[in-house]
Amino acid sequence: MEIRHADVLLTRPGRNYVLVRLETADGLVGWGDATLNGREKAVEAALDHHICPELEGRDASRVEDVWQYLFRGTYWRGGPVLNSALSGVDMALWDLKGKAAGVPVHDLLGGRTREYATVYTHCGAETVDDIVDSAEAALDRGIDHLRVNVGDPSGQYLNVDRVVDGVSEVRDRLGPAPELIVDVHGRASPREARRIATGLEPADLFFLEDPLRPENKDAFRELRQATTTPLAMGELFTNPWEMRPLVEERLVDFLRVDLAHVGGITAAKKLATVAEHHYVETAFHGPPDLSPVGQAASVHVDRSIPNFGVQEYTDYTEVYGDAVADVFQGGATLDESVGGLDVPDEPGLGIEVDRAAAREYDYERSHLPTVRHDDGSVADW
Ligand code: CS2
Ligand code: MG
């Protein structure tokens, strides 16, 4: 299964996506997601200049070997740019492998362990009233895992009392049944993270996400000892080894890696296995900046692992309208009767990209807002 053409496609059906396309000598096409929010051109250049030319002529069936070659064999490894590029290539190789074998990717990963991947959706807003309205709409759609951020991340910068009081009120108003999630976006200091985590213990969170920045994982040890609130982390990991201390010491309950950054399906599957041995569950990152190809890849892994926790869910049509459906056909769909995502039982990832349609949506430079504290100093987005 020789790779004849390796290409990168940058498209913006509502937002920028970086897609890897691999075509074999016998005409099979595989797709992968290499989107790096706000730095798409850097990944495109890495693929165009360094990676795609070196894939041509390689055997597409040797997924692990290509992964090792791109991660270790080229000396520079990890990091957001190179690891997102590698992630896209890896997904495209699994897509090809499934298509060549005539089976869905989850079959190649060990087969179905569950009928669907339970999702959580975003219900964050500026006011508790709006959060409760949005939560009730989600519950009506069968989704009972809800991210209920108060203000954060796009409104007022982190305000500990507002988060604790607001989320506690959301819990009171929604009652004990729904699972609630809060994402701190790495904005808290250890002192503030302790106050949020302990202050929200009565609200019985499903997890508190990214309470601390990712650089110093030792800081999680202190937080872990201080609170019973479950913790989650991982969307910023761009090297699979980054999760080691968190999982080995059980400093988190949920591993939230992003398949388009951590190293694709190959890395995610291995990380899930290591996590399984430490009783850590998965909660793969699924924001709007992961393309529908990345979402489908995530659900294939979700469906094949025993320690799945929950899957973050983006409804692309709701966020971007019909543009996304112009470019992507197939992929994961929500079954509202169970609040879970599933992927079609088709060979490969079960999602196709219409190249002609994709080219109609031109790239535009955009990035996350740069946030500053009231005194003008730089803050974390
Ligand atoms: C967020 C993301 O979904 C999440 O958990 O943290 O929306 C994050 O802001 C973006 O993926 C950044 O690219
Ligand atoms: Mg997050």
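A. Molecular detail of the environment of aspartate 302. Among the structural elements, aspartate 302 can be located in helix H12 (residues 292–302). It is 16 Å that separates the C-alpha atoms of aspartate 302 and glutamate 346, two residues lying 44 residues apart in sequence. The contacts of aspartate 302, once residues within four sequence positions are left out, are Ala117, Phe284, Phe308 and Gln311.

B. Spotlight on the pairing of strand S4 (residues 117–122). Of all six residues in S4, five are buried; the element is thus mostly enclosed. Strand direction decides the pairing type here: S4 and strand S14 (residues 340–342), joined by two bridges, are antiparallel. Looking at the pairing, threonine 118 lines up with glycine 340 of S14. With helix H5 (residues 128–140) bridging S4 and the parallel strand S5 (residues 145–147), this β-α-β connection has right-handed handedness.

C. View of the sheet that holds strand S2 (residues 17–24). One open sheet accounts for three strands, arranged S1-S2-S3; its pairing is antiparallel. At either end of the open sheet lies a strand with only one pairing partner, and these are strand S1 (3–11) and strand S3 (29–33). Between one strand axis and the next, the sheet turns by 20 degrees as a mean value, whatever way the strands run. Pairing of S1 with S2, which is carried by eight bridges, proceeds in the antiparallel orientation. Bridging across to S2, aspartate 7 finds its partner in arginine 21. The sheet strands contacting helix H3 (residues 80–101) are S2 and S3, and the helix crosses S3 at an angle near 145 degrees. Contacts from H12 reach S2 and S3 within the one sheet, and its direction differs from that of S3 by about 95 degrees.

D. The arrangement of H12 in detail. The buried count for H12 comes to eleven of eleven residues, which makes it a mostly enclosed element. Of the positions making up H12, those classed as buried are Pro292, Val293, Gly294, Gln295, Ala296, Ala297, Ser298, Val299, His300, Val301 and Asp302.

E. The pairing of S2, seen in detail. Taking burial as the measure, the eight residues of S2 include six buried ones, the bulk of the element. Taken together, S1 and the strand that follows it, S2, pair antiparallel across an intervening segment of five residues, in which glycine 14 is found at a positive phi of about 110 degrees. For S2 and S3, the ladder comprises five bridges, and the chain directions are antiparallel. Bridging from a neighbouring strand, arginine 21 pairs with tryptophan 31 of S3. Linking S2 to S3, which pair antiparallel, is a turn of four residues; within it glycine 27 sits at a positive phi near 90 degrees.

F. The arrangement of the environment of aspartate 59 in detail. Inspection of the secondary structure puts aspartate 59 in the loop between helix H1 (40–55) and helix H2 (63–71). The class of aspartate 59 is partly exposed, set by 13 C-beta atoms lying within 10 Å. Through-space distance from the C-alpha of aspartate 59 to that of alanine 101 is 15 Å; in sequence the pair is 42 residues apart. Excluding anything up to four places from it in sequence, aspartate 59 contacts Met1 and Glu2.

G. Quick look at the nonpolar core. Ala85, Val89, Val182, Leu208, Val252 and Ala268 are the most contacted members of the largest nonpolar core, which has 115 residues in total. Of the residues forming this core, the biggest block, ten residues, is contributed by H3. Among the domains, domain 1 (3–104) and domain 2 (107–348) are the pair contributing at least three residues each to this core.

H. Summary view of the site of ligand 1. Residues in close proximity to ligand 1 include Asn37, Asp183, His185, Glu235, His285, Pro287, Asp289 and Glu312, which together make up its full environment. A class-by-class count of the residues in the shell around ligand 1 yields one nonpolar, three polar and four charged.

I. Spotlight on unusual backbone geometry. Here the phi dihedral of histidine 185 falls at roughly 60 degrees; this positive angle occurs in a residue that is not glycine. Along the chain, histidine 185 turns up in the loop between strand S6 (179–183) and helix H7 (190–199). The phi angle at arginine 250 is positive, at roughly 50 degrees, despite the residue not being glycine. By secondary structure assignment, the location of arginine 250 is in the loop between helix H9 (244–248) and strand S9 (254–255). Given 13 C-beta atoms within a 10 Å radius, arginine 250 is considered partly exposed.

J. Just the domain arrangement of the protein, in detail. Annotation of the protein at the domain level lists domain 1 (3–104) and domain 2 (107–348). The gap between the C-alpha centroids of domain 1 and domain 2 is 25 Å. In this complex, domain 1 contributes 36 residues to the contact, which on the side of domain 2 involves 32 residues. Every element with two or more residues in the side of domain 1 that touches domain 2 is listed here: S2, S3, H2 and H3.

K. Focus on the environment of glycine 175. Turning to its location among the elements, glycine 175 is positioned in the loop between helix H6 (160–174) and S6. Separated by 28 residues in the primary sequence, glycine 175 and alanine 203 place their C-alpha atoms 9.8 Å from one another.

Scoring rules and cut-offs
- Residues numbered from 1 in each chain as written.
- Chains lettered and ligands numbered in written order.
- Predicted model: local features only at pLDDT ≥ 70, side-chain atom pairs only at ≥ 80, totals over all residues.
- Helix = DSSP H or I, 4+ residues; strand = E, 2+ residues; numbered from the N terminus.
- Contact = placed C-beta atoms within 7 Å.
- Buried ≥ 20, exposed ≤ 12 C-beta atoms within 10 Å, placed from the backbone.
- Pairing = 2+ DSSP bridges.
- Right-handed = clockwise from strand over helix to strand, strands pointing away.
- Axes fitted to C-alpha atoms, helices over the stretch in contact; angles between N-to-C directions.
- Core = buried A, V, L, I, M, F, W, Y, C linked by C-beta atoms within 7 Å.
- Domains from an automatic or database assignment.
- Near = placed C-beta within 6 Å.
- Nonpolar A, V, L, I, M, F, W, Y, C, P; charged D, E, K, R; others polar.

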